[in-house]
Amino acid sequence: MVAIALIPEAIAFSIIAGVDPKVGLFSSFVMAITIAFVGGRPAMITAATGAVALVIAPVAREYGMDYFIATVLLAGALQIVLSLCGVAKLMRFIPRSVMVGFVNALAILIFLAQLPQLIDVPWQVYPLVALGLIVLVALPKLTSVVPAPLVSIALVTSITVAFAIQVPTVGDQGELPRSLPELFIPNVPLNFETLAVIAPYALAMALVGLMESLMTAKLVDEITDTPSNKTRESWAQGVANIFSGFLGGMGGCAVIGQTMINVKTSGARTRISTFLAGVFLLALIVLLGDVVALIPMAALVAVMIMVTITTFDWHSVSPNTLRRMPKSETAVMLITVAAVIATHNLAIGVIAGVCTAAIMFVRRVAHFVTLDREVLDTAEGAVARYSVNGQLLFASSNDLTMQFSYSEDPDQVVVDFSKAQIWDASSVAVLDAIETKYRRLGKSVTYVGMSERSANVHGRLSGELGNAS
């Protein structure tokens, strides 16, 4: 089922990248089999993807196939390097609201990708899609022995062949290859000029591929309630891209639509499913290409619409959830969705969502710093004692200077930081400014109660940040 669903998308992504359809098909086959052995997330499908195709399409168009393959190889090497540098650990900084937005945007993109097969097509397409959806909804309620998508595709294909219904088919999307992939060594000069041409595209491909793959792996973790090795998955994506490049493929990353078919619709949980998806893909395009070419696109559209329905997090947009959820969380989710739909790039959407979440978090933290003041009578005279509560960073410390009573305070001032934490140079500069203001009034200020980390930051930076006044 996954192999069948990969074929039209691999052909479409090849067209986006400006290369022959066999480049995308061979890439999907090689990457699926490779990742089955070396990947860190069992049951996840890796193949040619639209995001990667969009990133490296200019290379094929402007420099040719050799530079295109060299870019894929360099991207794979960069992914291995990035994984060894711990890029997978950055996943912990992606909040749940961004993850929900990622899933919802993904579902919308999957549906939008089906629209070309539903617009300006023969009227017979619509009843065939409806029939496919009926099978996909009804069959799982009767039996789970046979995958509903497979039955749906077989039934719709049989009807179109038996009654000679003229509708768009897989064969109409592009010619299927007739032979196995061959070793491809790109004929490019090994110099800095070549590196200057391919490096920017390779880095973009590496980052987009890793981000989509790690986000998909995290989603599969949640669906299956099982952990995965994100670092292993990161370098495995690099290895798969290198194998793909040397066999003339366009590279890729995790494909969420087919992964959802594999994990949610079919219930797969092991590496065997990923391996067999690659094997069946090769068999279908090389040995059974003539049969696969007869499959109506309407049958695949029905499957992908059902994937859209099951992927979308309907709970996240229910009125009860929207009422209870903080507005900032909802805003992050919506911004993530909007950015993905506007750019058709999941990586850009995730970056936009994470940046928005970070800004909103800092904005909230900025309002949590408070200052308590009391004047104590001691044997040495009156002392003004201030207690700082909260996290001091660039957003929250700027207003701190305005909260001290400089002219009203006695000659001795003590500021207690036992309930506060100093995080950055901006906060140290503010403390230097406070100390300077008191000094000009002939008063002394003492900072006490700093944690070890705060004391280290303050001791290292205090007096070294220029004019504190």
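The structure we're discussing is the one just above.
Structure report, in brief.

Points about the sheet that holds strand β3 (residues 370–378)
- Reading across the sheet, the four strands line up as β3-β4-β5-β6 and stay open at both edges, with mixed pairing between neighbours. Single-partner strands in this sheet number two, and they are β3 and β6 (444–448). The sheet shows a mean angle of 20° between the axes of neighbouring strands, direction not considered.
- Two strands pair when backbone bridges link them, and β3 and strand β4 (residues 381–392) are joined in this way by nine bridges, in the antiparallel orientation. In the strand pairing of β4, Asp372 is matched with Ser387.

Brief notes about unusual backbone geometry
- Its identity is not glycine, yet Asp120 carries a phi of approximately 55°, on the positive side.
- Along the polypeptide, Asp120 turns up in the loop between α5 (96–114) and α6 (125–142).
- The class of Asp120 is exposed, set by a relative accessible area of 78%.

Notes on the packing of aromatic side chains
- Taken as a whole, this structure holds eight aromatic pairs when the rule is applied.
- Between Tyr386 and Phe404, the ring centres sit 4.5 Å apart and the planes meet at 50°, which makes this aromatic pair tilted. Of this pair, Tyr386 sits in strand β4 while Phe404 sits in the loop between β4 and β5 (412–422), and the two are 18 residues apart along the sequence. The same class applies to Tyr386 and to Phe404, which are both buried.
- Each ring, one from Phe404 and one from Tyr438, has its centre 6.2 Å from the other, and the planes form 90°; the classification is edge-to-face.

A few points about the pattern of salt bridges
- Applying the stated criterion across every chain yields a total of four salt bridges.
- Here Arg41 makes a salt bridge to Asp221, at a shortest N to O gap of 2.6 Å. With Arg41 in the loop between α2 (21–38) and β1 (46–47) and Asp221 in helix α8 (residues 192–224), the pair connects residues that are 180 residues apart, well separated along the chain. Like Asp221, Arg41 is buried.
- When salt bridges that share partners are traced, they join Arg41, Asp221 and Lys230 into one network.

Comments concerning the packing of α2 against helix α9 (residues 230–246)
- Between α2 and α9, whose axes approach to 9 Å, the crossing angle comes to 145°. Here α2 runs over α9; the crossing is right-handed. When α2 is examined against α9, the residues Ser27, Val30, Met31, Thr34, Ile35, Phe37 and Val38 are found in contact with a partner set consisting of Arg232, Glu233, Trp235, Ala236, Gln237, Val239, Ala240, Asn241, Phe243 and Ser244.
- Taken together, the residues that form the contact of α2 with α9 break down as ten nonpolar, five polar and two charged.

Here we look at the packing of helix α1 (residues 2–17) against helix α11 (residues 271–286)
- Running from N to C, α1 and α11 cross one another at 60°; their axes reach a closest spacing of 8 Å. Our classification of the angle between α1 and α11 gives oblique. Crossing handedness for the pair α1 and α11: right-handed. Within the contact between the two elements, α1 uses Val2, Ala3, Ile4, Leu6 and Ile7 and α11 uses Ala277, Phe280, Leu281, Leu284 and Ile285.

Quick look at a nonpolar patch on the surface
- Side chains of Phe37, Ile272, Phe275, Leu276, Val279 and Phe280 sit close together on the surface and give an oily, nonpolar patch of about 550 Å² of accessible area.
- Considering each element in turn, the nonpolar patch owes the most residues, five residues, to α11.
- On the secondary structure map, Phe275 appears in helix α11.
- Given a relative accessible area of 30%, Phe275 falls into the partly exposed group.

A short note on α6
- The end-to-end C-alpha distance of α6, which contains 18 residues, comes to 26 Å, matching closely the 26 Å that a straight helix rising 1.5 Å per residue would cover.
- For α6, the complete set of buried residues consists of Val125, Leu128, Val129, Gly132, Val135, Leu136 and Leu139.
- Buried positions along α6 lie against α7 (148–162) and α13 (297–311).

Here's the deal with the pairing of β6
- What you see with β6 is a clean split: Val445 and Tyr447 sit on the buried side and Ser444, Thr446 and Val448 on the side with no burial.
- Sheet topology places β5 next to β6; five bridges connect them, and they run parallel. Along β6, the bridge assignment pairs Gln412 with Ser444.
- Regarding the hand of the β-α-β motif, the stretch spanning β5, helix α17 (residues 425–440) and β6 is right-handed.

Examining the side chain of Asp424
- Relative to the elements of secondary structure, Asp424 occurs in the loop between β5 and α17.
- An unpaired buried charge is present at Asp424: no salt bridge exists, and Arg453, the closest side chain of opposite charge, is 8.3 Å distant.
- A distance of 2.9 Å separates the side chain of Asp424 from the side chain of Ser427, its partner in a polar contact.
- Among all residues touching Asp424, those that are not within four sequence positions of it are Leu392, Leu393, Phe394 and Val457.

With respect to the nonpolar core
- Counting 78 residues, the largest nonpolar core has Ile7, Val129, Ile153, Ile261, Ile285 and Ile295 as its most contacted members.
- If you tally residues by element for this core, the top one is α13, at eleven residues.
- Ignoring sequence-local partners within four residues, the contact set of Ile7 consists of Leu25, Val170, Leu176, Leu281, Leu284, Ile285 and Val292.
- Formed by 28 residues, the second largest nonpolar core is a distinct cluster that contains Ile56, Tyr67, Ile198 and Ile242.

Looking at the pairing of β5
- The element β5 is largely enclosed, with a buried count of eight among its eleven residues.
- Two elements, β4 and β5, share nine bridges in a ladder whose sense is parallel. What sits directly across from Asn389, in β5, is Lys419.

So, how was this worked out
- Residues numbered from 1 in each chain as written.
- Predicted model: local features only at pLDDT ≥ 70, side-chain atom pairs only at ≥ 80, totals over all residues.
- Heavy atoms only, no water.
- Pairing = 2+ DSSP bridges.
- Helix = DSSP H or I, 4+ residues; strand = E, 2+ residues; numbered from the N terminus.
- Axes fitted to C-alpha atoms, helices over the stretch in contact; angles between N-to-C directions.
- Buried < 20%, exposed > 50% of the residue type's maximum accessible area, 1.4 Å probe, protein only.
- Phe/Tyr/Trp six-rings, centres within 6.5 Å; stacked < 30°, edge-to-face > 60°.
- Salt bridge = Lys/Arg side-chain N within 4 Å of Asp/Glu carboxyl O.
- Left-handed = near helix turned anticlockwise from the far one by under 90°.
- Contact = heavy atoms within 4.5 Å.
- Nonpolar A, V, L, I, M, F, W, Y, C, P; charged D, E, K, R; others polar.
- Parallel < 35°, antiparallel > 145°, perpendicular 65-115°, else oblique.
- Patch = residues over 30% accessible without salt bridge, like charges linked within 9 Å, V, L, I, M, F, W, Y side chains within 5 Å.
- Areas by Shrake-Rupley, 256 points an atom, 1.4 Å probe, with all protein chains shown as cover.
- Expected span 1.5 Å × (residues − 1).
- Right-handed = clockwise from strand over helix to strand, strands pointing away.
- Lys, Arg positive; Asp, Glu negative; His and termini not counted.
- Polar contact = N/O pair within 3.5 Å; in protein donor to acceptor, adjacent residues only side chain to side chain.
- Core = buried A, V, L, I, M, F, W, Y, C linked by side-chain atoms within 4.5 Å.

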